[in-house]
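This is what each chain is made of:
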Amino acid sequence: MQSSPSPSSGKQAAFSDECWSEDASDTENFVKTLYRIRGKGVRPDHIASIITHYASKCLPALAGDDDTQPAAGSGAAASRRKKRRFIETLVGILPQEKDSVPCGFLLRAMRVAGEAGTEAGCREEIERRAARQLDQAPLKELAALDFEAVVRLVRRFLSEEEVSRSGAALSKVARLVHSYLAEAAVDRNLTLPQFVALASAVPCHARATDDGIYRAIDIYIKAHPGLSKQERKNLCMLMESRKLSTEACLHAAQNERLPVRAVIRVLLSEQDKLSRHIDWSGSLAGPRIPGVGLAAPVRCLSKREVRQQIEMRRLKEDVAILQRQCLIMERQIEKLLEKKKGYFSWKRLGGAVFKASKIGETVVGASSPFHSGGSRT
């Protein structure tokens, strides 16, 4: 016995029969066809898929195709007017449901709307919708926008009430901003206030690690060699030393572009982190009670305990490396302060904080993804 078709399958059949494809000769016919399809109860994401496909065919820039040659003379003005009318029509028919339209498409529409000079209300609506889905934004599309537009998007996203309840989305945006800053940092025209404005827009609690912002800062300093010592200090204040990975700390310890005080702060933070980790790991073994008489039988270590011991040895080696770097930096600072007759003695401070360790006197070299040239090896 053949089952009767479900209502949903009937809607999909109607959707297939009346779908426009290449038959929509102009935007007006397409809009009329779209409203008929929408009236049959087709899902918003399917409606959005129809619109984005049609828009990409009519306007290749909305598909990410920037290879088309722009028109010249009077043709350029006509093309601009056509784009403006098309984008304004497009915004009026897009489904309002969140996540129904891909964020990458919205970012492309936002860029084209700005180039075509659409009405302020139209640009505002596209920007608002793109900001709601910023955690889904592709870096490539975000990098194609004007820097100030990116700052507005980030601030709009953070102003949404839903952000406070969605830690995952907030973390994604933080990583996206760090990646964007690393891309934009090479631009010589990017001013320090612009860089700081975007970097500081993301709250500290949204960043699980500060490796990304450290990389962006390092690239910016390298691309802008004219920065003053105070400006480099201000940049380094954007990152939290305690949120840097051990690998990032080792790179920072050898980075001659960073201010000396910033390097010392990073090294102190990492040494404190490692020391606390070693103390905590050592407490897992529990109190050791001296044996009386025969020695207790030796117990075979589990795989987890073996891995833990290997990790402990690695951490001790890292501590030795950081301590060696601290001693080197301490001696360099002492020489500088002796010449300048500073206000306090780093020798006394160094004696209280930095102690030469007898563990792992050999410095272990390590390759780092943060290496971008100009650092000590």
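Student: Is there a simple way to think about the overall build of the protein chain in this case?
Tutor: Looking only at helices and strands, the protein chain features 16 helices and zero strands. Each of the 377 residues in the protein chain was classed as buried or not, and the buried ones make up 39%. For the protein chain, restricting intrachain contacts to residue pairs at least 6 apart in sequence, the fraction spanning at least 24 positions comes to 77%. Entry remark: accessible area of the protein chain is about 22200 Å², with carbon and sulfur atoms responsible for 53%.

Student: Looking at this model, I keep getting lost on the pattern of salt bridges. Mind explaining?
Tutor: Pairing is possible between side chains that carry opposite charge, provided their charged atoms lie close to one another. Using the criterion set out here, one finds eleven salt bridges in the structure. Linking R43 and D45 is a salt bridge whose minimum nitrogen-to-oxygen distance equals 2.5 Å. A salt bridge links R111 to E115, with the nearest nitrogen and oxygen atoms 3.8 Å apart. Of this pair, R111 and E115 both sit in helix α5 (residues 103-116), separated by four residues, roughly a single helical turn. The class of R111 is buried, set by a relative accessible area of 15%. Classification of E115 by relative accessible area gives partly exposed; the value is 47%.

Student: Quick question: what am I supposed to make of the nonpolar core here?
Tutor: As a rule of thumb, soluble globular proteins bury nonpolar side chains together. Grouped together as the largest cluster of nonpolar side chains are 92 residues, with contacts concentrated most on L62, I87 and F195. Ranked by the residues each element gives to this core, the list is headed by helix α9 (residues 167-184), at ten residues. Non-local contacts of F195, meaning those with residues more than four positions away in its chain, are made with F147, L181, A185, L190, A216, I217, Y220, L235 and L238.

Student: Got a minute to help me understand helix α13 (residues 246-253) in this structure?
Tutor: Each α-helix turn comprises 3.6 residues. Residues three or four places apart therefore point the same way. With seven of eight residues buried, α13 lies mostly within the body of the structure. Considered for burial, the residues of α13 that qualify are T246, A248, C249, L250, H251, A252 and A253.

Student: How should I be thinking about α5 in this particular structure?
Tutor: Across its 14 residues, α5 extends 20 Å between first and last C-alpha, which sits within 8% of the 20 Å expected from 1.5 Å per residue. Burial of α5 is extensive: twelve of the 14 residues sit out of reach of the surface. C103, G104, F105, L106, L107, R108, A109, M110, R111, V112, A113 and A116 are the residues of α5 that are buried. A positive backbone phi angle near 70° is found at G117, which sits one or two residues after α5.

Student: What should I look at first to understand the environment of Q96 in this one?
Tutor: Mapped onto the elements of the fold, Q96 is located in the loop between α4 (74-93) and α5. As for Q96 and P44, which are separated by 52 residues in sequence, their C-alpha atoms are 8.2 Å apart. Residue contacts for Q96: discarding those within four places in its chain leaves E125, R128, R129 and R132.

Student: Help me out: how do you make sense of the packing of α5 against helix α6 (residues 120-132) in this one?
Tutor: Relative orientation and spacing of two packed helices are given, respectively, by the angle between their axes and the distance between those axes. Running from amino to carboxyl end, α5 crosses α6 at an angle of 155°, the nearest separation of the two axes being 9 Å. Accordingly, the angle class assigned to the pair α5 and α6 is roughly antiparallel. In the packing of α5 onto α6, the handedness of the crossing is left-handed. Of the residues in α6, those in contact with C103, L106, L107, A109, M110, A113 and G114 of α5 are R123, I126, E127, R129 and A130. Within the contact of α5 with α6, the residues separate by chemical class into eight nonpolar, one polar and three charged.

Student: Teacher, can you tell me more about unusual backbone geometry here?
Tutor: Glycine aside, negative phi is the norm for most residues, and most peptide bonds take the trans geometry. In this structure, D99 takes a positive phi of about 70° despite not being glycine. Tracing the backbone through its elements, the reader meets D99 in the loop between α4 and α5.

Student: Which parts of the structure should I look at to understand the packing of aromatic side chains?
Tutor: The geometry of two aromatic rings is summed up by the distance between their centres and the angle between their planes. Considering all chains together, one arrives at four aromatic pairs under this definition. For the pair F30 and Y54, a centre-to-centre distance of 3.8 Å together with 5° between the ring planes defines the contact as stacked. With a gap of 24 residues between them, F30 in helix α2 (residues 27-39) and Y54 in helix α3 (residues 44-58) connect regions that are remote in the sequence. Take F30: its relative accessible area is 1%, and that puts it in the buried class. The class of Y54 is buried, set by a relative accessible area of 6%. Between F195 and Y220 the ring centres are 4.8 Å apart and the planes differ by 35°, which places this aromatic pair in the tilted class. One end of the pair, F195, is in helix α10 (residues 192-199); the other, Y220, is in helix α11 (residues 211-223), and 25 residues separate them in sequence. The class for Y220 is buried, based on a relative accessible area of 1%. Aromatic rings pair up to connect F30, Y54 and F86 into one cluster.

Student: Would you explain the packing of α6 against helix α8 (residues 147-159) in this entry?
Tutor: In the contact formed by α6 and α8, the axes pass within 8 Å of each other and the chain directions differ by 60°. Relative to α8, α6 is oriented oblique. Read as a crossing pair, α6 and α8 show a hand that is right-handed. Of the residues in α8, those in contact with E124, E127, R128, A130, A131 and R132 of α6 are R152, L153, R156 and F157.

Student: Sorry if this is basic, but what is going on with the side chain of S100 here?
Tutor: Positionally, S100 belongs in the loop between α4 and α5. Overall, the relative accessible area of 9% leaves S100 in the buried class. Separated by 2.6 Å, the side chain of S100 and the backbone oxygen of E97 make a polar contact. Setting aside anything within four residues of it in sequence, one finds S100 in contact with P44, D45, A48, P95 and R129.

The rules behind these values
Within any chain, residue numbers begin from 1 and follow the written order of that chain's sequence. Local features are withheld for residues below a pLDDT of 70 in this predicted model, meaning they are given only at 70 or higher, and side-chain atom pairs are given and counted only at 80 or more; totals for whole chains, interfaces and linings count all residues. The side-chain quantities take in all heavy atoms of the structure and omit both hydrogens and water. Secondary structure counts use DSSP, requiring at least four H or I residues in a row for a helix and at least two E residues in a row for a strand, with both numbered from the N terminus. Buried, partly exposed and exposed residues are distinguished by accessible area as a fraction of the type maximum, computed with a 1.4 Å probe on protein chains only: under 20%, between the cut-offs, and over 50%, respectively. Note on contacts: a residue pair is in contact if any heavy atoms of the two residues lie within 4.5 Å. Per-residue accessibility takes into account occlusion by the displayed protein chains alone, with areas from the Shrake-Rupley method and a 1.4 Å probe. Salt bridge, as applied in this entry: a Lys or Arg side-chain nitrogen positioned within 4 Å of an Asp or Glu carboxyl oxygen. What we call a nonpolar core is a set of buried Ala, Val, Leu, Ile, Met, Phe, Trp, Tyr and Cys residues that are connected through their side-chain atoms within 4.5 Å. Helix span is expected to be 1.5 Å times the residue number reduced by one. Orientation is described by axes fitted as lines to C-alpha atoms, over the contacting stretch for helices, and by angles from 0 to 180 degrees between their N-to-C directions. Put simply, angles under 35 degrees are roughly parallel, angles over 145 are roughly antiparallel, angles from 65 to 115 are roughly perpendicular, and the rest are oblique. Crossing handedness is read from the near helix: turned anticlockwise from the far helix by less than a right angle, it gives a left-handed crossing, and turned clockwise, a right-handed one. As a working rule, the residues Ala, Val, Leu, Ile, Met, Phe, Trp, Tyr, Cys and Pro are called nonpolar, Asp, Glu, Lys and Arg charged, and the rest polar, with Gly in that last group. Centre distance within 6.5 Å is the pairing criterion for rings of Phe, Tyr and Trp, where only the six-membered ring of Trp is used; planes under 30 degrees apart are then read as stacked, over 60 as edge-to-face, and the remainder as tilted. Pairs of N or O atoms within 3.5 Å make up the polar contacts considered here, provided that, within protein, one atom can donate a hydrogen while the other can accept it, and that residues adjacent in sequence are counted only when both atoms are side-chain atoms.

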